[in-house]
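# Geometric and topological summary
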Amino acid sequence: MNGQLIPWDEARVHVLTHALHYGTGVFEGIRCYETENGPAIFRLKDHLRRLADSARIYLIKIPYSEQQLSDAVIQTIRANELKECYIRLIAYFGYGELGLNPLHNPVDVAIAAFPLVTYFGEEGLRQGVRCKVSSWCRLDPRVLPPLAKATANYLNSALAKVEALQAGCDEAIFLTTSGTVSEGSGENIFIVKNQELITPWVGAGPLQGITMASVKEIAKDLGMRVVEREILREELYLAEEAFLTGTAAEVTPICEIDGRIIGNVTRGPFTEKLQAAFFDMVHGKNAAYLKWLTYI
Ligand code: PMP
């Protein structure tokens, strides 16, 4: 926390922390996986780049270099003696002035590492999850910049997630304010149709997911055609396969959307192939992707 390793229970903030009141923080969720050569962080550099991008959008001046942050992430994992973990890295406007202009406040930075197994459970990874198109829309860029991974964005995600859970589903799918598909509450979405892997284009405001980018690259390597474009809601219902990607969710099949069964109920062949390749990659079993691992 702010450059110091401190015990978990002492990692506290003041109640007048700016970000607590106004959502003025940016963050990353990163994973570290066990490999034959010890724990390795997946795409750390890319996460730090996205953090820097989010901070740039909100004029948050992070008082550490990318190298310092990278070293600090590694140090935090080592100190916790974790083999596999989830890492939360947050930069936020701290305690100072509570006015709406955050820029006079200190920028605090914290990194936490803790165990996290699967987001949707083993069952979710195998059988898929049930989704519901949300009544809440994905952030409109005229309201909040959707490409920044800002804490404030997750009020929108939490509304959608709770609505989906209360409806007996596992996850929400956001449409944009103009009605095309954007993403999940904390994941990107892909559909498979006519041998093509399709994911919403950047204009639909999905967070530019690092898992999404990785899956696109794996798919191309496997000879699949990858298309980024607008996706209509009903195309979800007509998809042969659909799945979600994210650091927490990894590659999770979707088995149902709004009561329509997708494909053959369980994960489809494309999803299964990509999922297997993804897990090989993060566990250091594919030499072509070792470039994305930071061994700790
Ligand atoms: N969309 C949203 C809204 C998210 O919170 C996340 C998780 N960071 C993703 C997509 C997936 O991004 P990544 O693969 O980089 O974790």
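Residues numbered from 1 in each chain as written. Predicted model: local features only at pLDDT ≥ 70, side-chain atom pairs only at ≥ 80, totals over all residues. Heavy atoms only, no water.

### So, empty space enclosed by the protein
Within the structure shown, the criterion is met by one cavity of 30 Å³ or more. The computed volume of the largest cavity comes to approximately 60 Å³. Every residue lining the largest cavity is listed: Ile30, Arg31, Tyr33, Phe42, His47, Ile210, Thr211, Thr247 and Phe278. When contributions to the lining of the largest cavity are tallied by element, the ones reaching two or more residues are strand E1 (25-33) and helix H6 (210-221). The leading source of residues in the lining of the largest cavity is E1, at three residues. Of the residues assigned to the lining of the largest cavity, the class counts are five nonpolar, three polar and one charged. Looking at the lining of the largest cavity, you find at least three residues from each of domain 1 (8-114) and domain 2 (121-282). (1 Å grid on protein atoms, 1.4 Å probe; cavity = no way out; pocket = protein on both sides within 12 Å on 5 of 7 lines; lining within 4 Å. Points joined across faces, edges and corners; volume = space filled by probe spheres on them. Helix = DSSP H or I, 4+ residues; strand = E, 2+ residues; numbered from the N terminus. Nonpolar A, V, L, I, M, F, W, Y, C, P; charged D, E, K, R; others polar. Domains from an automatic or database assignment.)

### Focus: the sheet that holds strand E14 (residues 293-295)
What the five strands build is an open sheet, ordered E4-E3-E1-E2-E14; its pairing is antiparallel. The sheet terminates laterally at strand E4 (107-114) and E14, the two strands that pair on one side only. For this sheet, the mean inter-axis angle between neighbouring strands, taken without regard to orientation, is 25°. As paired elements, E1 and strand E3 (residues 85-93) share eight bridges and run antiparallel to each other. Opposite Ile30, over in E3, you have Ile87 as the bridge partner. On the sheet, helix H3 (residues 66-80) packs against E1, strand E2 (40-42), E3, E4 and E14 and is oriented at approximately 40° with respect to E4. (Pairing = 2+ DSSP bridges. Axes fitted to C-alpha atoms, helices over the stretch in contact; angles between N-to-C directions. Contact = heavy atoms within 4.5 Å.)

### A short note on the layout of surface pockets
If you add up the space inside the largest pocket, you get close to 870 Å³. Lining the largest pocket are 32 residues, with Met1, Val109, Ala110, Ile111 and Ala112 sitting closest to its centre. Secondary structure elements with two or more residues in the lining of the largest pocket: helix H1 (18-22), H3, E3 and E4. Tallying contributions element by element places H3 first for the lining of the largest pocket, with eight residues. When grouped by side-chain class, the residues that make up the lining of the largest pocket number 20 nonpolar, nine polar and three charged. By volume, the second largest pocket amounts to about 490 Å³. Lining of the second largest pocket is provided by 29 residues; of these, Lys149, Tyr154, Ser185, Gly186 and Glu187 occupy positions nearest its centre. Of all the elements, helix H5 (residues 153-166) adds the most residues to the lining of the second largest pocket, at five residues.

### Here we look at the domain arrangement of the chain
According to the domain assignment, the chain consists of domain 1 (8-114) and domain 2 (121-282). Distance between the C-alpha centres of domain 1 and domain 2: 25 Å. Facing 21 residues of domain 1, the contacting portion of domain 2 comprises 21 residues. Interface of domain 1 and domain 2: buried area, both sides summed, is about 1800 Å²; carbon and sulfur atoms make up 62% of it. Sorting the residues of domain 1 by area buried against domain 2 places Phe27, Phe42 and Arg50 first, and these three jointly supply 33% of that buried surface. Here domain 1 and domain 2 share one salt bridge between them. The shortest N-O distance in the salt bridge between Arg31 and Glu250 comes to 3.7 Å. If you list the elements that add at least two residues to the side of domain 1 that touches domain 2, you get E1, helix H2 (44-57) and E3. Of all the elements, E1 adds the most residues to the side of domain 1 that touches domain 2, at eight residues. Looking at side-chain class alone, the side of domain 1 that touches domain 2 contains nine nonpolar, seven polar and five charged residues. (Buried area = accessible area lost by both parts, 1.4 Å probe. Salt bridge = Lys/Arg side-chain N within 4 Å of Asp/Glu carboxyl O.)

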